[in-house]
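Descriptive analysis of the structure
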Protein chains: 2
Amino acid sequence: AAMAEGPQLKRKRQEEEEAAAGAGPHGGAAADISPFPLAELRLRKVLRESARDKAVFLHGEVTTASGEGRDAVIILEKTPFQEEKVLELLKKHTKLELQMHNDIYSTYHLYPPPELSEIKATVVFPATQKHLQKYLRQEVFLVRESWQDYRDITLPFIQQQALSLQWVYNILEKKAEAERIIHENPDPCNGFVLLPDFKWNQNQVRLLLLAL
Amino acid sequence: AAMAEGPQLKRKRQEEEEAAAGAGPHGGAAADISPFPLAELRLRKVLRESARDKAVFLHGEVTTASGEGRDAVIILEKTPFQEEKVLELLKKHTKLELQMHNDIYSTYHLYPPPELSEIKATVVFPATQKHLQKYLRQEVFLVRESWQDYRDITLPFIQQQALSLQWVYNILEKKAEAERIIHENPDPCNGFVLLPDFKWNQNQVRLLLLAL
């Protein structure tokens, strides 16, 4: 990722990004819940895919009312099987195709009805260059880092790359996800808010919580 | 797993298993390709599930023509997204449900038509106790093993637990998967047969090959 951006340029870009998101600091476009126009998306690039996780990260573009193209990140992930629906899946498939058979082993392709084949779609819109960068397949390196390296190189880079925290203010100010709050401690000093994490698929037994 | 089985009992059980599979040594039930009666399966137990891999391993039972219950292992695994079908998926979904929205982030449940939501089903039928054991969730241990330990403890256990190699003879004798063979070297000494592995989903670019 490019690190050669001056502080002035950085501030300018942040302002642009906030304007693009339709939100000044603590503003929040949380009230606007018109569904994202998925069918009108133009696919620009597959940022990353994971055959093991059955997930794909897409860079797409949508034309706004003003005729302008805006970037979006779409993450598609197949959902885990739900134990209580497995039997239904075996009985209600629309088609079963034999792929191969050998001795006691055989493989099939099974085509389930829509209600049994949910996909989780996560949309980031409008997406900034930082979002596109975040979801792009990255090479991984192992680095030995002194605390000076952390202070002088890593920390400034992290701060420069930080994404907007608007979504956190939306939760704290009850402008978004208010109905998802599980517990709230209103103490002015040690207070916190607890709610299910974004990444949790609402079907798994294991619950991911986010404490703010 | 129980290791206290005597050699006589072991041979007897192997014969039973081979009879159950409808195959003596080198016999092979490969010609019988009537589809497995998936809709008639009674679910006995979920052997294992992996939320990350989107896979589930089932122990089921099917009643044969003679009225007898027979064990089966069914492995269901959602298939990876195919790049060339992703755009179709975004346009042809049957339903799109908003789950949450906060700032520029939102999540949806998307319900694709059957032809775009393939599941790979692997069937082991009839399954032996060894198959049920193989797919059951196992605790994992890290063990320091000397070569004596390997020879005296591990190797006898592996040999005792070995599954039937009937499927290998079926391939070598062209009784099954003959149409899947990619390359064959008929040399009587160094000859081999190359074909796509069972675990390969036929859509991925990475090809798993099996050399016999």
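Right above here is the structure, for reference.
First, a word on scope: everything that follows refers to the structure included in this document. (Residues numbered from 1 in each chain as written. Chains lettered and ligands numbered in written order. Predicted model: local features only at pLDDT ≥ 70, side-chain atom pairs only at ≥ 80, totals over all residues. Heavy atoms only, no water.)

Quick word on the interface of chain B and chain A
Across the boundary between the two partners, chain B contributes 76 residues, which contact 77 residues of chain A. With both chains or domains summed, chain B and chain A bury close to 7300 Å², and 61% of this area falls on carbon and sulfur atoms. Counting across the chain B and chain A interface gives 4 salt bridges. Linking Lys54 of chain B and Glu77 of chain A is a salt bridge whose minimum nitrogen-to-oxygen distance equals 2.5 Å. Our count for the contact surface shared by chain B and chain A stands at 35 residue pairs in polar contact (both at pLDDT 80 or more). Those elements that place two or more of their residues in the side of chain B that touches chain A are strand E1 (42-50), strand E2 (55-63), strand E3 (69-78), helix H2 (86-92), strand E4 (95-102), strand E5 (105-111), strand E6 (119-124) and helix H5 (166-172) of chain B. For the side of chain B that touches chain A, the element with the highest residue contribution is E5 of chain B, accounting for 7 residues. For the side of chain B that touches chain A, the per-class residue count stands at 45 nonpolar, 16 polar and 15 charged. (Contact = heavy atoms within 4.5 Å. Buried area = accessible area lost by both parts, 1.4 Å probe. Salt bridge = Lys/Arg side-chain N within 4 Å of Asp/Glu carboxyl O. Polar contact = N/O pair within 3.5 Å; in protein donor to acceptor, adjacent residues only side chain to side chain. Helix = DSSP H or I, 4+ residues; strand = E, 2+ residues; numbered from the N terminus. Nonpolar A, V, L, I, M, F, W, Y, C, P; charged D, E, K, R; others polar.)

Here we look at the relation of the copies chain B and chain A
The two copies are related by a screw operation: chain B maps onto chain A through 180 degrees of rotation and 0.0 Å of translation along the axis, at an RMSD of 0.0 Å. One copy is carried onto the other by what is essentially a two-fold rotation axis. Proximity to the rotation axis, assessed at the C-alpha, singles out Asp53 of chain B in chain B; its C-alpha lies 2.6 Å from the axis. Mapped onto chain A, 100% of the interface residues of chain B are again interface residues, and the two copies thus contact each other with one and the same surface. (Least-squares fit on C-alpha atoms with pLDDT ≥ 70 in both.)

Comments concerning the sheet that holds strand E1 (residues 42-50) of chain A
Strands sit in the order E1(A)-E2(A)-E3(A)-E6(A)-E5(B)-E4(B) across an open sheet of 6 strands; the sheet is antiparallel. Every other strand in the sheet has two partners, leaving E1 of chain A together with E4 of chain B as the edge strands with one partner each. Adjacent strand axes in the sheet meet at a mean angle of 25 degrees when their direction is disregarded. (Pairing = 2+ DSSP bridges. Axes fitted to C-alpha atoms, helices over the stretch in contact; angles between N-to-C directions.)

Digging into the pairing of strand E8 (residues 192-196) of chain A
Residue and element names in this part refer to chain A. Of all 5 residues in E8, 4 are buried, a share of seventy percent or more. Of the pairings in the sheet, the one linking strand E7 (residues 183-185) to E8 comprises 3 bridges and is antiparallel in character. Each bridged residue has a counterpart across the sheet, and for Glu184 the counterpart in E8 is Val193. Linkage of E7 to E8, two consecutive antiparallel strands, is achieved through a turn of 6 residues. (Buried < 20%, exposed > 50% of the residue type's maximum accessible area, 1.4 Å probe, protein only.)

A closer look at the environment of Thr154 of chain A
One can find Thr154 of chain A in helix H4 (residues 147-161). Here Glu145 of chain A takes part through its side chain, which lies 2.3 Å from a polar atom of the side chain of Thr154 of chain A.

Describing the pattern of salt bridges
In the structure shown here, the tally under the stated rule is 24 salt bridges over all chains. It is possible to trace a salt-bridge network through shared partners that takes in Arg42, Arg44, Glu61 and Asp71 of chain A.

So, the packing of aromatic side chains
A complete count under the given rule lists 4 aromatic pairs over all chains for this structure. Considering the side-chain rings of Phe57 of chain A and Tyr135 of chain A, the 5.7 Å spacing of their centres and the 25 degrees angle between planes classify their relative orientation as stacked. Pair noted here: Phe57 of chain A is in strand E2 (residues 55-63) and Tyr135 of chain A is in helix H3 (residues 129-135), with a separation of 78 residues, a long-range link. When the ring of Phe36 of chain B is compared with that of Phe125 of chain B, the centres are 5.0 Å apart and the planes differ by 65 degrees; the resulting orientation is edge-to-face. Taken as a pair, Phe36 of chain B in the loop between helix H1 (7-20) and E1 and Phe125 of chain B in the loop between E6 and helix H3 (129-135) lie far apart in primary sequence, 89 residues in all. With a relative accessible area of 7%, Phe36 of chain B lands in the buried category. According to the relative accessible area criterion, Phe125 of chain B is partly exposed, its value standing at 23%. Across the ring face of Phe81 of chain A, the terminal group of Lys78 of chain B is positioned such that the distance to the ring centre comes to 5.1 Å. Sitting above the plane of the Tyr111 of chain B ring, Lys95 of chain B keeps its charged end 4.8 Å from the centroid. (Phe/Tyr/Trp six-rings, centres within 6.5 Å; stacked < 30°, edge-to-face > 60°. Lys NZ or Arg CZ within 6 Å of the ring centre and 35° of its normal.)

Read these as spatial facts, not as claims about activity.
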